[in-house]
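# Structural description and commentary
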Amino acid sequence: MLELAGIIILGILAQWVAWKFKIPAILPLILIGLLVGPIAATYLSEDGSKWIEPIWNGEKGLFPGDYLYYFVSLAISIILFEGGLTLKRNEIKNVGPVITKLITLGSAVTFFGAAIIAHYTFNLGWEISFLFSGLIIVTGPTVITPILRNIPLKKDISTVLKWEGILIDPIGALVAVLVFEFISVGGESGFTKTALLEFGKILLFGTTFGFTFAHALAYAINKKLIPHYLLNVVSLSTVLLVFVESELFAHESGLLAVVVMGMVLGNSKLNNLKELLYFKESLSVLLISILFILLAANINMNQLLLLYTWKTAALFALVVFVLRPLAVFLSTINSRLKFNEKLFISWVGPRGIVAAGIASLFGSKLLKQGVEGAEYITPLVFMIVLGTVLLNATTARLFAKIVGVFLKSSNAILIVGASSPARLIAGFLKRKGKRVIIIDSNENFINQAIKEDLEALPVNIYDDDLRDNIELNDVGYLIAITGNDAVNSYALTNFSNEFGEHGAFRLASSLEVVNASEEERKAFFTPNDDYINLSEAFRENPTIKEVLIGSKKEYDAILKSLAKEEKSIPLFIQNSKGIYLITEFEQQDFEFKNITLSYLGKEVVTK
């Protein structure tokens, strides 16, 4: 009981430390696991036992026999399903071909290259070498996000790394499964037939079960066949059912099945999707916390000592500094990515929970079978996982600056609210060359924004996960223009530091339009208008007009005319340096020559 409670407590503590110091949680989790496992057994425990023994050894242990690996398999299936839920087709419109090549051509380069390196550096058999290379194909979606969260990058770079991390997990798992099956079967005579048969069964049953159950669950949710209080637990049990059923028909096809299921659900018109995603995210955090401590604690000191050689450093260097760049550059030939962007993507390739989990699973099984070299699988993969995470966590920000992909100025605009006036304004700014992202909790508004070719996300402003979206790292302006004054104020109060580097503005309330001081009006989207005025101006004439201004006198006259016309609202000023809100422009020391004023609503006489 003490050990089980200790794992959960230490895991959540590690997650808090990671959040506090803005590092990937995998670092403290692995270190804690090693501390309570092999380090405690060797240096701290009087009787030479581990403080936490994952597998029953006859005297103590949490899991008897193979039950640890059953738990690991089920836990990884839930984590991959949660990752699949976050995959959106419209996110890869600009970099789709690059991601496709990374998870195919890039995976092939890593698979064959890492096998050759492992074979000749550690003198491992080809079977074990290819198993190792299959396991390290995967990058880690659970560690990429915290590494990139505080690095302002172009959206294309963030999107490539995010999608590669999630999509390549099942690819690496499948490759590792094929190699494992070959080793288990034994002998080269049945390799080709066995590999093709296993791959075909995995592909067939994995996609079939995932696709079918995803649509069945979506139908049940949308038709309200599942009561609200059972929604999360029914979804969880369905994921486990799909994993187990698929495994029964084709061994190791469960991972593919749950990823397909997650992707189908995530891209369907599913009610309560956000609520389901929040539940799975919370569950994934708990499972990751438990898994990494268990898997690290399960390693023995003699396995760690196998790495105490120059060969380990050579293997790590060749995999990280040669293979990864080679895979990235071959996969991005003829892409829109620039050379420095390719360099940064090459640098960032941390491995995560799936690699470590499957390595422990297969490594232990092969050890029981007496396969030569199997003792190297788990420690080598853990070395790659820990090494790549440490490298990327400590150097990614600096490397981004060195190669020139670190955005010195975050100029994207985040608009809170996706009403008709907000979408009109967003479209106008987009035509001016700005990247604009709209967020709203109203799914209908978001769907309409997407139809209008705007970048829109269904987000509740009261949810903290907005801060974790690495694709918003280039946002420097925050504009809150919803019809709810409390939401607008909350957005500025809580997100100005993250998204308002150059300015944070909101609509004034009806009372503030009358009573606000001049200093308070500097934070208003428009100095003298609330949401009602904005809506009426849009209803009267839903277009944004522009007028060229040549002097301060002309500027003041036009603003005076707009102030008299209740259904016309001044919005932006554009000059040779950029486009600004009225309040923002007036706080700068700009000339009033050759500027363009944009306003919404009824046309006013400007001369």
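The sections below set out a description of the structure shown in this document. Treat the numbers as computed from the prediction; the structure is a model and nothing was measured.

Quick notes on the rules
Residues numbered from 1 in each chain as written. Predicted model: local features only at pLDDT ≥ 70, side-chain atom pairs only at ≥ 80, totals over all residues. Heavy atoms only, no water. Pairing = 2+ DSSP bridges. Helix = DSSP H or I, 4+ residues; strand = E, 2+ residues; numbered from the N terminus. Axes fitted to C-alpha atoms, helices over the stretch in contact; angles between N-to-C directions. Contact = heavy atoms within 4.5 Å. Salt bridge = Lys/Arg side-chain N within 4 Å of Asp/Glu carboxyl O. Buried < 20%, exposed > 50% of the residue type's maximum accessible area, 1.4 Å probe, protein only.

### Structural notes on the sheet that holds strand β1 (residues 412-416)
Sheet architecture is open: five strands sit in the order β3-β2-β1-β4-β5, paired in parallel fashion. Each of the sheet's edge strands pairs with one partner strand only, and the pair in question is β3 (455-458) and β5 (503-506). Geometrically, the sheet is characterised by an average inter-axis angle of 20° between neighbouring strands, direction not taken into account. Two strands pair when backbone bridges link them, and β1 and strand β4 (residues 475-480) are joined in this way by five bridges, in the parallel orientation. Residue pairing in the sheet places Ile 415 in a bridge with Ile 479 of β4. Contacting β2 (436-440) and β3, helix α18 (residues 443-451) runs over the sheet at an angle of about 160° to β3. Packed on one face of the sheet, helix α19 (residues 485-499) meets β1, β4 and β5 and runs near 175° to β4.

### A closer look at the pattern of salt bridges
Following the criterion strictly, the structure yields ten salt bridges and no others. For Lys 432, the salt bridge identified is with Glu 546, shortest N-O distance 2.7 Å. One end of the pair, Lys 432, is in the loop between α17 (420-431) and β2; the other, Glu 546, is in strand β6 (residues 544-549), and 114 residues separate them in sequence. With relative accessibility at 31%, the residue Lys 432 sits in the partly exposed group. One salt bridge connects Glu 512 with Arg 506, and the closest N-O pair in it is separated by 2.8 Å. For Arg 506, a relative accessible area of 13% corresponds to the buried category. One salt-bridge network, in which partners are shared between bridges, spans Arg 435, Glu 455 and Asp 474.

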